[in-house]
Amino acid sequence: MRLPYGFCYNSDGHIAIDNEKSDIVRMIYRQYLSGMSLGRIADFLYQQGIPSPTGKTSWTQPVISDLLSNKKYIGSIVSFDEYFIVQGEKGNRSNIDENTKHRKATRYSSQSVLSGLLICAECEHNYRRITRPSGEVVWRCANRVEHGKKFCKHSPSILEETIKGIVCERLGLETFDEQAVKESVGYIAVQQNGTMHIELRQYRLS
Ligand SMILES: [Zn+2]
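Trainee: Looking at this structure, how should I read the overall build of the protein chain?
Mentor: Along the backbone of the protein chain there are seven helices and eight strands. Residue burial in the protein chain is summarised as follows: out of 206 residues, 20% are buried.

Trainee: Looking at this structure, I do not really get the nonpolar core. What am I missing?
Mentor: The biggest cluster of nonpolar side chains holds 34 residues, and the ones touching the most others in it are Val 25, Ile 28, Tyr 29, Ile 64, Leu 68, Leu 118 and Tyr 127. Viewed by domain, this core spans two of them, domain 1 (7-107) and domain 2 (112-200), each represented by three or more residues. For Leu 118, the contacting residues outside a window of four places in its chain are Asn 126, Tyr 127, Trp 139, Ile 188 and Val 190.

Trainee: What is the right way to look at the sheet that holds strand E8 (residues 196-200) in this model?
Mentor: Hydrogen bonding along the main chain pairs the strands of a sheet, whether they run parallel or antiparallel. The sheet built from three strands is open, its strands ordered E3-E7-E8 with mixed pairing. Of all the strands in the sheet, just strand E3 (118-120) and E8 have a single pairing partner and so form its edges. Averaged over all adjacent pairs, the angle separating strand axes in this sheet is 25°, with direction ignored. Of the pairings in the sheet, the one linking strand E7 (residues 185-190) to E8 comprises five bridges and is antiparallel in character. Its bridge partner lying in E8, Ile 188 is registered against Ile 198.

Trainee: What am I meant to see in the sheet that holds strand E6 (residues 158-159) here?
Mentor: Pairing within the open sheet is antiparallel, and its three strands lie in the order E4-E5-E6. The sheet is open, and its two edges are formed by strand E4 (127-131) and E6, each paired on a single side. Sheet strands in contact with helix H4 (residues 80-94) are E4 and strand E5 (137-141), and its direction is about 85° off that of E4.

Trainee: Please clarify how the environment of Ile 158 should be interpreted in this entry.
Mentor: By the element assignment, Ile 158 lies in strand E6. A residue is classified by how many C-beta atoms lie within 10 Å of it, and Ile 158, with 18 of them, is partly exposed.

Thresholds applied
Residues numbered from 1 in each chain as written. Predicted model: local features only at pLDDT ≥ 70, side-chain atom pairs only at ≥ 80, totals over all residues. Helix = DSSP H or I, 4+ residues; strand = E, 2+ residues; numbered from the N terminus. Buried ≥ 20, exposed ≤ 12 C-beta atoms within 10 Å, placed from the backbone. Core = buried A, V, L, I, M, F, W, Y, C linked by C-beta atoms within 7 Å. Domains from an automatic or database assignment. Contact = placed C-beta atoms within 7 Å. Pairing = 2+ DSSP bridges. Axes fitted to C-alpha atoms, helices over the stretch in contact; angles between N-to-C directions.

Spelled out as structure tokens, the structure:
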């Protein structure tokens, strides 16, 4: 069986992490999260003289894309957070038209009215929406996701359903209403203990 890129067999025949290649995997995840396109990452790897997983001189975009969605890396080579943020980012980018850089009209539903409203009370970065493979949607502090617990120690991950419930309660809504949220919520600060401070707008947007 061929091992995924980044793993190797050690001298006793057990699967181990290949130090050099696992560093390249992590670098590719970081580059993608920093906004680089698959094409730019491929160019970079070529320029650095890093051979592809099959030993070729150049990397193809599908090879890099597969690497960015390989679950075998979770916990061994990249963190849970890095992996799922990359999956969310892949989803977002597939909704962006490469030529115009505008969001494709047909699939904009992955955007949430809560985007940009949720703020981490601990470090003041935005919260980010993450869809887990189970379909469960959670929000986590983007700073903690990208830079680790060292920079944001206690911020909780919160189920989107929980957030919607709290917002409804605060606004006196029976069901979550995007328009009402857009019009009346200024920001939502997520506290370390999971409670939320919802600041309403002083005046309604017209
Ligand atoms: Zn934070």
